[in-house]
Amino acid sequence: MSKTNSGNFFEDFRIGQVIAHATPRTVTTGDIALYTALYGSRFAVQSSDAFAHQIGYSKSPVDDLLVFHIVFGKTVPDISLNAVANLGYADCRFLAPVFPGDTLSATSEVIGLKENSNGQTGVVYVRSRGFNQKGAVVLDYVRWVMVRKRDPKSPAPAEVVPQLPRALAPDQLGDALPVIDVRKYNFDLAGSKHRWGDYLPGERIDHVDGMTVEEAEHQLATRLYQNTAKVHFNQFSEGQGRFGRRLIYGGHVISLARALSFNGLGNAFHIAAINGGRHVSPLFAGLTVFAWTEVLERAEIAGREDVGALRLRTIATKDQPCAAYPLKEGDAYHPSVILDLDYWALIPR
């Protein structure tokens with residue numbers, strides 16, 4: 001019996017299967033510094049213990065997307081080591097703040113299976129949860145991924161496609177954000193004067209700047225999250241694949257777009273939920289990422305006078321500045337679009 005792990009193929013998954021993922025990870029200030037070096041995120045609450053403590057945190061929390069990537073990385077060896085592509089996310093909630101020194105672990109439950117018509121691959125739907133060292137759930141989300149079959153002749157499972165909400169309701173938001181003292185929130189130091197009431201549904205924001213992706217950076221990021229997917233780091237195997245080169249991890253694109261969004265959304269410091277996300281097309285090293293955001297909805301959170309919620313749709317592009325807000329050409333996405341992300345962010349009132 002082999003002592004090595006070649007990963008699960010589509011026919012290895014079963015509805016209701018629960019997988020406890022290996023390698024708990026203690027998050028350190030070193031991880032945070034490296035994450036900042038990779039993306040240049042500038043949100044004040046996640047950058048400064050003094051700023052965070054002044055408004056009500058015990059200390060600066062870990063960036064929400066760093067938490068997401070670490071939990072996601074735990075799931076890769078069991079869920080997507082043999083993936084063709086990660087297809088999307090839904091019903092994602094950040095449920096408790098994470099601080100340096102906390103240890104994260106993860107489990108996943110298989111909630112859907114659907115073989116593709118080519119008989120070569122299938123889509124696996126999982127609900128993954130991240131826990132801290134006390135057993136509290138800090139993150140809960142669904143993703144679906146296209147996975148290769150080991151044997152194309154193996155019979156297809158009964159098709160199960162889960163029903164997922166289009167968006168989380170505002171009353172499901174805010175668990176990971178303690179009540180803050182807005183009177184002590186320094187808008188000058190935060191880098192933006194704009195509050196919740198300054199944003200209107202339908203408003204579009206061009207985040208202006210672009211960031212070119214370097215091969216070394218996305219390799220470093222993938223390893224930071226202990227993400228072992230071959231498509232991201234193994235040029236020997238991927239050089240023989242359909243693209244002939246490594247794909248940039250989709251979460252890398254999300255973090256780049258989020259960092260770019262600071263220019264226009266500087267006080268939207270906390271991602272409370274991801275309603276849905278789609279990686280529209282692949283990204284490769286050497287290309288430049290741009291982003292723009294549309295405000296879809298503005299909502300109050302029951303019992304919270306300190307912050308309000310903005311439902312945002314952020315679009316990331318490759319080698320395409322966003323002054324014209326590229327999105328669709330007819331029914332299809334504009335060829336430059338690489339990410340379409342719908343999420344709730346919380347912002348001082």
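Look above for the structure.
Scope of this entry: the structure provided in the associated data block. The structure displayed is predicted, hence computed values, not measured ones.

Analysis parameters
- The residue numbers shown here count from 1 along each chain, following its written sequence.
- In keeping with the model being predicted, local features are shown solely for residues with a pLDDT of at least 70 and side-chain atom pairs are shown and tallied solely at 80 or more, while totals for entire chains, interfaces and linings include all residues.
- Derived side-chain values reflect all non-hydrogen atoms in the structure, with water molecules and hydrogen atoms excluded from consideration.
- Numbering of helices and strands runs from the N terminus; a helix is a DSSP stretch of H or I covering at least four residues, while a strand is a stretch of E covering at least two.
- Burial classification: accessible surface area is computed with a 1.4 Å probe over protein chains only, and a residue below 20% of its type maximum counts as buried, one above 50% as exposed, and the rest as partly exposed.
- Residue contacts are defined here by distance: any two heavy atoms, one from each residue, within 4.5 Å place the two residues in contact.
- To obtain each axis, a line is fitted to C-alpha atoms, and for helices this fit is confined to the stretch in contact; angles are then taken between N-to-C directions over 0 to 180 degrees.
- Note on angle classes: values under 35 degrees are labelled roughly parallel, values over 145 roughly antiparallel, values of 65 to 115 roughly perpendicular, and the remainder oblique.
- The classification used treats Ala, Val, Leu, Ile, Met, Phe, Trp, Tyr, Cys and Pro as nonpolar, Asp, Glu, Lys and Arg as charged, and all other residues, Gly among them, as polar.
- At least two DSSP bridges between two strands are required for those strands to pair.
- Aromatic rings from Phe, Tyr and Trp, with only the six-membered ring used for Trp, were paired whenever their centres fell within 6.5 Å, and each pair was classed as stacked if the ring planes differed by under 30 degrees, edge-to-face if by over 60, and tilted otherwise.
- Charge-over-ring placement is defined geometrically: NZ (Lys) or CZ (Arg) within 6 Å of the ring centre, and within 35 degrees of the ring normal.
- For this analysis, a salt bridge means a side-chain nitrogen from Lys or Arg found within 4 Å of a carboxyl oxygen belonging to Asp or Glu.
- Cavities and pockets were defined on a 1 Å grid built from protein atoms only: a cavity is a group of points that admits a 1.4 Å probe but offers it no way out, a pocket is an open group of points flanked by protein on both sides within 12 Å along at least five of seven lines, and a lining residue is one with an atom within 4 Å of any such point.
- Grid points are joined across faces, edges and corners, and a volume is the space filled by probe spheres set on the points.

A closer look at the side chain of Arg-127
Item 1. Along the chain, Arg-127 turns up in strand E5 (residues 121–131).
Item 2. By relative accessible area, Arg-127 is classed as buried at 15%.
Item 3. Apart from residues lying up to four places away in sequence, Arg-127 is in contact with Asp-91, Thr-107, Ser-108, Glu-109, Ile-111, Asp-140, Tyr-141 and Val-142.

Points about the packing of helix H1 (residues 29–39) against helix H4 (residues 64–79)
Item 1. Closest axis-to-axis distance for the H1/H4 pair is 11 Å, and the angle between their directions is 105°. Here H1 is positioned roughly perpendicular relative to H4, judged by the angle of their axes. Note on element contacts: H4 touches H1 through Leu-65, Leu-66 and His-69, opposite Asp-31, Ile-32 and Tyr-35.
Item 2. The class makeup of the residues in the contact of H1 with H4 is four nonpolar, one polar and one charged.

As for the pairing of strand E9 (residues 270–279)
Item 1. Counting buried positions over the ten residues of E9 gives nine, a clear majority of the element.
Item 2. When strand E3 (residues 83–94) meets E9, the two strands line up antiparallel, connected through five bridges. Paired with Ala-90 across the bridge in E9 is Gly-276.
Item 3. Direction of pairing for E9 relative to strand E14 (residues 337–348): antiparallel, over a ladder of eight bridges. Paired with Ile-271 across the two strands is Ala-345, which belongs to E14.

Brief notes about unusual backbone geometry
Item 1. With phi around 50°, Asp-91 is a residue other than glycine that occupies positive phi space.
Item 2. The residue Asp-91 is located in strand E3 in this model.
Item 3. For Asp-91, a relative accessible area of 12% translates into the label buried.
Item 4. Here the phi dihedral of Tyr-325 falls at roughly 55°; this positive angle occurs in a residue that is not glycine.

Brief notes about the packing of aromatic side chains
Item 1. Under the defined criterion, the tally for this structure stands at 14 aromatic pairs.
Item 2. With a centroid separation of 6.0 Å and 35° between ring planes, the pair formed by Phe-68 and Phe-72 is classed as tilted. Separated by four residues within a single helix, Phe-68 and Phe-72 lie in helix H4, roughly one turn from each other. Exposure class is identical for Phe-68 and Phe-72. Each is buried.
Item 3. Over the ring of Phe-43 we find Arg-258, and its NZ or CZ is 4.0 Å from the ring centre.

Let's talk about the environment of Ala-83
Item 1. When you line up the elements, Ala-83 lands in strand E3.
Item 2. Between the C-alpha atom of Ala-83 and that of Leu-339, which follows or precedes it by 256 residues, the distance is 19 Å.
Item 3. Discounting residues that sit within four places of it in the chain, Ala-83 has contacts with Val-145, Met-146, Val-147, Arg-148 and Val-231.

Regarding the pattern of salt bridges
Item 1. Under the counting rule described, the total for this entry stands at 14 salt bridges.
Item 2. One salt bridge in this structure joins Arg-311 and Glu-297, with 3.9 Å as the shortest N-O distance. Taken as a pair, Arg-311 in strand E11 (residues 307–318) and Glu-297 in strand E10 (residues 288–299) lie far apart in primary sequence, 14 residues in all.
Item 3. What you see here is one network of salt bridges that share partners, running through Asp-91, Arg-93, Arg-127, Arg-129 and Asp-140.

So, empty space enclosed by the protein
Item 1. Tallied over the entire structure, the rule returns three cavities of 30 Å³ or more.
Item 2. In terms of residue class, the lining of the largest cavity is built from nine nonpolar, one polar and one charged.
Item 3. By volume, the second largest cavity is sized at about 50 Å³.
Item 4. Lining the second largest cavity, in full, are Leu-65, Ile-254, Ala-257, Arg-258, Ser-261, Ile-271, Thr-314, Leu-339, Leu-341 and Tyr-343.
Item 5. If you list the elements that add at least two residues to the lining of the second largest cavity, you get helix H9 (250–260) and E14.

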